[in-house]
Amino acid sequence: MSRVGVFICHCGANIAGKVDVAKVSDDAINIPGVVYSSHQKYSCSEAGQKVIIDAIKENHIDKVVIGSCSPKMHENTFRKTIEQAGLNPYMLEIANLREHVSWVTADKDSATRKAFDLVKAAVGKVSFAKPLTPGQVTVEKRALVIGGGIAGIQAALDIANMGYEVVMVEKEPSIGGRMAQLDKTFPTLDCSACILSPRMVDVAQHPNIRLLTYSEVENVNGYVGNFNVTIRKKAKFVDESICTGCLECVTKCPLKKKIPNEFENGKAPRGAIYVPFAQAVPKVPVIDKEHCQWLLSPDPDTIEVAEGEKKPKRKCGVCQKKCEQGAINFEMEDELINEKFGAIVLATGFNLFDQKKYGEYGAGEIPDVITGLDFERMVNSSGPTEGKIVRPSNGEKPKKVAFIQCVGSRDEAKGVPYCSRICCMYTAKQAILVREKLPDAEVYVFYMDIRAAGKGYEEFVLRAQREYGANYVRGRVSRIYEQDGHLVLKAADTILGMPLEMEADMVILATGSIAREDSVALANTIGITTDAYGFISEVHPKLKPVEVPREGVFACGAALSPRDIPDTVATAGAVAAKVGVLFSNDILMSDPMVANIDPMICVACGACVEVCPYSAITMEEFRGKKFAKVNEAMCQGCGTCSAACRPGAAQLRGQTDEQILKSIEAVLQW
Amino acid sequence: MQTYAYFPGCSLETSAKEYDTSTRAVFDKLGIGLKEVPDWSCCGSSQAHKVDRDMAAAIAGRNLVLASEIGDIVAPCASCFMSLKEAAVELEHDSEIRDTLKENGLEYLPGSVRVISTVEAAHNALEKGMFEGKITKPLKNLKVASYYGCLLVRPPKIAQFDDVENPMSMDRLMEAAGATPVKWSHKTECCGNAYIMVDKDMTLNLVRNILNAAVSAGADVVAAACPLCHMNLVMRQPYMMQKYGLKSEIPIVYFSQLLGTALNADEQDLDIDGEVMRLINKRRQEANEVKEVG
Ligand SMILES: Cc1cc2nc3c(=O)[nH]c(=O)nc-3n(C[C@H](O)[C@H](O)[C@H](O)COP(=O)(O)OP(=O)(O)OC[C@H]3O[C@@H](n4cnc5c(N)ncnc54)[C@H](O)[C@@H]3O)c2cc1C
Ligand code: SF4
Ligand code: SF4
């Protein structure tokens, strides 16, 4: 018979405020098998842990139940505590009296009753616990960084500089992300390319970094220290090892003015063979197979023609003829690369709210109503207008420019309820740029309130207003329409308390930040979760802000939530430090609470093989008897096999059928 | 045959008879039945809800109960549509008003009836492909400014139809009828109808802005879907040209009159102004000439 000790925690007033902890503790002593029971203010504190250790030793306790907060919070803490008292750390069961009882129960009596039920169940379960020993796994000291924006670049460089290998996967033809699209950056107005380009080059040249552009992660298997990842390297149709980056092909593609360039937010064209921008890294063009005439034309080999008739040839092929290196290869195919990594870093960034959803601002159909990102490209000297601020409708300099903040952000009806955090600041920056480049132009900024919390941020907005004379109007614009060659804005000035009608030549919408459209799919591939908006969920917003709920996976930058460059770089550095900590281990302890299949009971029906979401079970044969076997390193301990196994051969260690049944029995019996 | 309960409302019996007859003609051509709500009463529009919201819901609720015997209820007048729909939304969760109705022998079952405008009903038919092969007299080359006014799609939580700021359903109907919808700025701007007695100046300024916007966008006609808007936009055009800076007069027609023309409905039912009919034919002719030249 076990000798169980029960420790009920007050958690300050968190549990004790709703649960009669003294009564639960007093009643617990009567549960069969319990030899000791007490309650205390904070079990997790140093003093609290000492009480537990002493009680175990004095009363020869061999199994422990702690009634406290969620096991997610302190299970590990208490495992270490009982280990110090000489017990196997798995001789522990936590009854969650906080998240499952006191925080969610209004009535004190029912809370106390439920708390006691949970303690009974825990005693029943722990009585049948068996000692478990963790296995050991080696750590593959290589990191995979997904996304090559400033977040991924910073994380990759920091990890590589610690001496570890990094593979960076970027889905576009070049790294750089959104920051590469920006002109100047707040709050210091330094040029974005000047601070970013050297880092992009560092990534390409770093001996520890391998860069895979135009690539995507297709599959992720395994566990911390040992992830098996499949990467799809999309065919570029240009041989990177030969291409010199002369771009002769790009200038000759007949479609070079025909396809909207995504990098320019569609406001300037590219060809079917292209590099997205001049400073692209790597500076190797790719052929877009959706548009290339050669690739779209039918393969002559597959065409049957009547005798004597000529077979039609492939169309175009100009780039291939022009390339002196012979780097163009139309036969190229997607490549699947399988690699092993110890850690995965997600740095996939963000997207922008679609202005088409605002019918009152012309639903994207008024040429002079553009977005902040369009404006970044416009003021950039390598952008579509070579840095000239002009009205897209007629190419003339605007005399009056209006900015509208919170387009899509803080709008529960049409957009998202949250604040995108960066738009107040980039609008102030853009207002300054307009006044700098066009000193005669008037600038108006329509805002709800100004959120400029950051070092030097409020001062920056004040500069836009005082030094640069941007006129800030507090109020929403309700409609924009074209009239006689200019725009009419209808708005409210909520400080004057008056409706306002204003003419302008150009309007710039600060569209909010949203998650990338494929973020949920990517999260599913990796086996992690996203929040309601599609941003990656962190384990704890305060204490584990870059960890995600799958060990060995980390996230940084705007993939977590909208943020500016300083915050992005800070989280990227934090991720690198966490990866460094992980890689400082040669060996990791693996969780022993994994499935185990008893070959003597197994009837080899194969049900478990089919249901295992991690493909951790295979069929084996020994001396003519077939049975299923779990690869313990791959098993994630989900328990699906154990639920599917009819004879009960598959059992999850630490959660066996016997333990579960005993805990149910305990609640019903005593 | 699909059949709607039809709620003409008071305007369609008086000032907007052509809206009534043309609506019936259009749905007849589409093969959709319209059965008038038996013994319908005032919808309470414009006034009732300003006095007492519960009373307004009960007044409109009576019509909903009567309609529920037939099916979903279609209202051509935007103002009727909004009062009925607002009542329907309120009745869904307010059991007290339901009880009041019940005491008067009218039992409202939540979810029993949906309120839609004639624009929505026609648009549904369009989406179901019910126009196919029926546009025998397309309105070629006719530039139409579709005017939705303030009540057809707003407030969005109640109207539950189309984009609230840039509705396109009527534009798509006009396109289906062979006409050319114009992009314009004032399709949902308020026409100020309710204020004409209180502040004539304000109303006429609003109307002038709407009509000038349609004229500047190059429209031949404005299509309306509400008898109140229609009356307001039509009535004082010559006076506004003199006193309010209206650029030029522009005909206002019901969208159902235009649809009916394209569907080759009975001319008498459509009752289109002779002047407008001549314009429609002129545009058709121009279209044909262009084709011949091309
Ligand atoms: C108009 C505008 C102006 C701004 N101005 C400033 C400013 O002045 N100062 C400032 O501090 N901040 C500014 N910002 C914010 C700044 O852009 C962001 O803070 C920064 O870009 C975030 O970097 P990131 O690497 O997290 O994301 P991103 O820049 O979005 O980079 C993510 C990268 O991951 C890649 N990727 C995405 N999904 C996948 C996938 N599935 N597989 C592989 N790769 C993938 C993308 O192609 C991209 O290269 C501005 C933002 C906007 C929109
Ligand atoms: S084959 Fe022609 S269309 Fe295709 S990328 Fe080369 S030049 Fe462009
Ligand atoms: S940062 Fe400013 S503009 Fe952007 S959503 Fe927040 S409050 Fe609105």
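This is a predicted model, so every value here is computed, not measured.

Right, let's get into the packing of aromatic side chains. All names here are of chain A. Applying the stated criterion across every chain, the model contains 16 aromatic pairs over all chains. Residues Tyr164 and Phe583 carry aromatic rings whose centres are separated by 4.9 Å and whose planes lie at 80° to one another, so their mutual orientation is edge-to-face. Pair noted here: Tyr164 is in the loop between helix H6 (150–161) and strand E7 (165–169) and Phe583 is in helix H15 (residues 565–583), with a separation of 419 residues, a long-range link. In this structure Tyr164 comes out as buried when scored by relative accessible area, which is 17%.

All names here are of chain A. Pairing is parallel in the open sheet, where five strands are placed in the order E10-E7-E6-E18-E29. Every interior strand has two partners, whereas the edge strands, strand E10 (209–212) and strand E29 (553–555), have only one. In this sheet, adjacent strand axes meet at a mean angle of 20° when their direction is disregarded. Here H6 sits on the sheet and contacts strand E6 (142–146), E7, E10 and strand E18 (343–346); the angle it forms with E7, its principal contact strand, is near 165°.

With that out of the way, let us pick up the site of ligand 1. Residue and element names in this part refer to chain A. Taken together, 38 residues are adjacent to ligand 1, and Glu170, Arg178, Phe186, Lys429 and Arg563 come closest. A distance of 2.8 Å separates an oxygen atom of ligand 1 from a polar atom in the backbone of Phe186. Lys429 places a side-chain nitrogen or oxygen 2.8 Å from an oxygen atom of ligand 1. For ligand 1, whose accessible area on its own is 1000 Å², the fraction buried by protein is 99%. For the shell around ligand 1, the secondary structure elements donating two or more residues are H6, strand E8 (184–185), strand E19 (350–352), helix H11 (372–379), helix H12 (423–437) and H15. Among the residues making up the shell around ligand 1, the classes are represented as 17 nonpolar, 10 polar and 11 charged.

Turning our eyes to something else, we now look at the side chain of Glu189 of chain B. Mapped onto the elements of the fold, Glu189 of chain B is located in the loop between strand E6 (180–181) and helix H9 (200–216). In contact with Glu189 of chain B, other than residues within four places in its own chain, are Arg479 and Lys490 of chain A together with Tyr147, Gly149 and Ile210 of chain B.

Quick look at the interface of chain A and chain B now. At the junction of the two partners, chain A supplies nine residues and chain B supplies 10 residues. Of the roughly 810 Å² buried between chain A and chain B on both sides combined, carbon and sulfur atoms contribute 40%. Sorting the residues of chain A by area buried against chain B places Glu365, Arg479 and Tyr481 of chain A first, and these three jointly supply 50% of that buried surface. Run the count over chain A and chain B and you get four salt bridges. Arg479 of chain A is the partner of Glu165 of chain B in a salt bridge, and the nearest nitrogen-oxygen pair spans 3.1 Å. Here the residues of the side of chain A that touches chain B sort into two nonpolar, one polar and six charged.

Rules used throughout
Residues numbered from 1 in each chain as written. Chains lettered and ligands numbered in written order. Predicted model: local features only at pLDDT ≥ 70, side-chain atom pairs only at ≥ 80, totals over all residues. Heavy atoms only, no water. Phe/Tyr/Trp six-rings, centres within 6.5 Å; stacked < 30°, edge-to-face > 60°. Helix = DSSP H or I, 4+ residues; strand = E, 2+ residues; numbered from the N terminus. Buried < 20%, exposed > 50% of the residue type's maximum accessible area, 1.4 Å probe, protein only. Pairing = 2+ DSSP bridges. Axes fitted to C-alpha atoms, helices over the stretch in contact; angles between N-to-C directions. Contact = heavy atoms within 4.5 Å. Near = heavy atom within 4 Å. Polar contact = N/O pair within 3.5 Å; in protein donor to acceptor, adjacent residues only side chain to side chain. Areas by Shrake-Rupley, 256 points an atom, 1.4 Å probe, with all protein chains shown as cover. Nonpolar A, V, L, I, M, F, W, Y, C, P; charged D, E, K, R; others polar. Buried area = accessible area lost by both parts, 1.4 Å probe. Salt bridge = Lys/Arg side-chain N within 4 Å of Asp/Glu carboxyl O.

Structural measurements only, silent on function.
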